[in-house]
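# Structural features, examined
As a plain string of letters, each chain reads:
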Amino acid sequence: MKRVYLDHSATNPLLPEVKEAMLPYLGEYFGNPSSLHEWGDPAREAIDNARSQIAGLIGAGDPDEVIFTANGTESNNFAIKGLALAQQTKGKHIIISAIEHFSVMNSAKTMEKMGFTLTMVPVDKFGIVNPEDIRKSLRPDTILVSIMHANGEVGTIEPIKEIAQITREKKIVFHTDAVATCGTIPVNVKDLGVDALSLAGNQFYGPKGSAALWVRRGVRILPLLDGGIQEGGRRAGTEDVPAIVGLGKAAEIAAKEMSNRIQNLTPMRTKLITQLPKIENVIVTGHPQNRLPGHASFCVEFIEGESMLMLLNSQGIAVSSGSSCTSRALKASHVLLAMGLSHEVAQGSILFTLGIDNNPEDIDYVLEVMPPIVDRLRQMSPLYSKYIKTVKGGK
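If you're wondering where the values come from, they're calculated on a predicted model, not measured in any experiment.

In this section: the packing of helix 2 (residues 41-58) against helix 8 (residues 241-275). Closest axis-to-axis distance for the helix 2/helix 8 pair is 8 Å, and the angle between their directions is 30°. With respect to their mutual orientation, helix 2 and helix 8 come out roughly parallel. Taken as a pair, helix 2 and helix 8 cross one another with a handedness that is left-handed. Side by side, helix 2 and helix 8 meet where Ala43, Ala46, Ile47, Ala50, Gln53, Ile54 and Leu57 of the first sit next to Val241, Ile244, Val245, Leu247, Gly248, Lys249, Ala251, Glu252, Ala254, Ala255 and Met258 of the second. Counted by class, the contact of helix 2 with helix 8 contains 14 nonpolar, 2 polar and 2 charged residues.

Dropping the structure here:
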């Protein structure tokens, strides 16, 4: 059976070069980077090098602005909570969008319980935040705005640069969750104009458990973990040196290969987006052009996404329904609901995310397998039966 992995938004395979770079720090160079003796030197030097590699990927001028974390969720928690707490003498109002990842959304709701106030701005039918909605939501006590760079469920890229111009005018801290974009499309913190940015290594062929939060020099942030002086006193705890080394190596490779990756992925994504809707009642979600290069998302009416996932898996195809953090929740995506889709339609979400291991034959296989799967599931669907009787039958 042909095997096709199209769930790269959940995680990516580890590049062999990344694994090779990590191995010495799982064995020979085992020292603690905080140690003053020579056993700690290689580990400390490796972390410094990785920090520079990450800074290079995102266009940061100062590597010390990069704080290593364990995953994108921690980076987002650190950003929302740490930045809000550090600015609270100026106010307690936070703004996010209605389609943020739950690590941002739930962190902001936690701050609400601590006496902060929260505004969630809407998105349009493509999942795009209108910068003017941000401007209208600003208040004298607004201290933090957090809008994701691109949405991992529908692939839409947000107008971060335009929003940053608004927050900069008002001297409000602006964070972006760039987990879906760093290492995938060009990301430059100076060009975007943001004050803080989250990223995660497993999104660009680095190891799971490796991530970072970039915070512009001069922006105050309070640590979430009490302990030692690691990461400049901003994130306590002994560093995961192998993961950090792998993150840095993956960032270095991504910076070099990004253009070729985009060039290879975009035609395959476009073929999926244009060909799959030839199946009746299949809706493309997200912006048709302004989206991530390897991202194709849909809602298939009258059936549930999880059913499609299982049948595609039986044919050797791995995909997801919604984000990887919510795919087992069996609930309609808050992202799709915010974009105006009904619960019934949102339940039929399916997401194909391509990677460097995919080829055009993989897409042809998906386009061959999908129609009979959709037809089979619709034959068992009472919603489809009702549609046939009331809509088609009435013509």
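Another aspect to go through is the side chain of histidine 149. Considering the arrangement of structural elements, one finds histidine 149 in the loop between strand 5 (142-146) and helix 6 (160-169). By relative accessible area, histidine 149 is classed as buried at 5%. What histidine 149 contacts, discounting residues up to four positions off in sequence, is Thr156, Ile157, Glu158, Ile160, Thr176, Asp177, Ala178, Thr181, Ile185, Pro186, Val187 and Leu192.

Moving on, we come to the packing of aromatic side chains. Ring pairs (aromatic) are described by centroid distance and by the angle formed between their planes. Taken as a whole and assessed by the stated rule, the structure comprises 5 aromatic pairs. Measuring from centroid to centroid gives 4.6 Å for phenylalanine 302 and tyrosine 387, while their planes differ by 35°, and the two rings are tilted. Taken together, the residues phenylalanine 302 in the loop between strand 10 (295-300) and helix 9 (305-314) and tyrosine 387 in helix 13 (residues 382-392) connect sequence positions 85 residues apart. Each residue in the set Phe302, Tyr384 and Tyr387 is aromatic and connected to the rest through ring pairs, giving one cluster. Looking at lysine 92, its charged tip hangs above the ring of phenylalanine 116, at a distance of 5.3 Å from the centre.

Rules behind the numbers
- Residues numbered from 1 in each chain as written.
- Predicted model: local features only at pLDDT ≥ 70, side-chain atom pairs only at ≥ 80, totals over all residues.
- Heavy atoms only, no water.
- Axes fitted to C-alpha atoms, helices over the stretch in contact; angles between N-to-C directions.
- Helix = DSSP H or I, 4+ residues; strand = E, 2+ residues; numbered from the N terminus.
- Parallel < 35°, antiparallel > 145°, perpendicular 65-115°, else oblique.
- Left-handed = near helix turned anticlockwise from the far one by under 90°.
- Contact = heavy atoms within 4.5 Å.
- Nonpolar A, V, L, I, M, F, W, Y, C, P; charged D, E, K, R; others polar.
- Buried < 20%, exposed > 50% of the residue type's maximum accessible area, 1.4 Å probe, protein only.
- Phe/Tyr/Trp six-rings, centres within 6.5 Å; stacked < 30°, edge-to-face > 60°.
- Lys NZ or Arg CZ within 6 Å of the ring centre and 35° of its normal.

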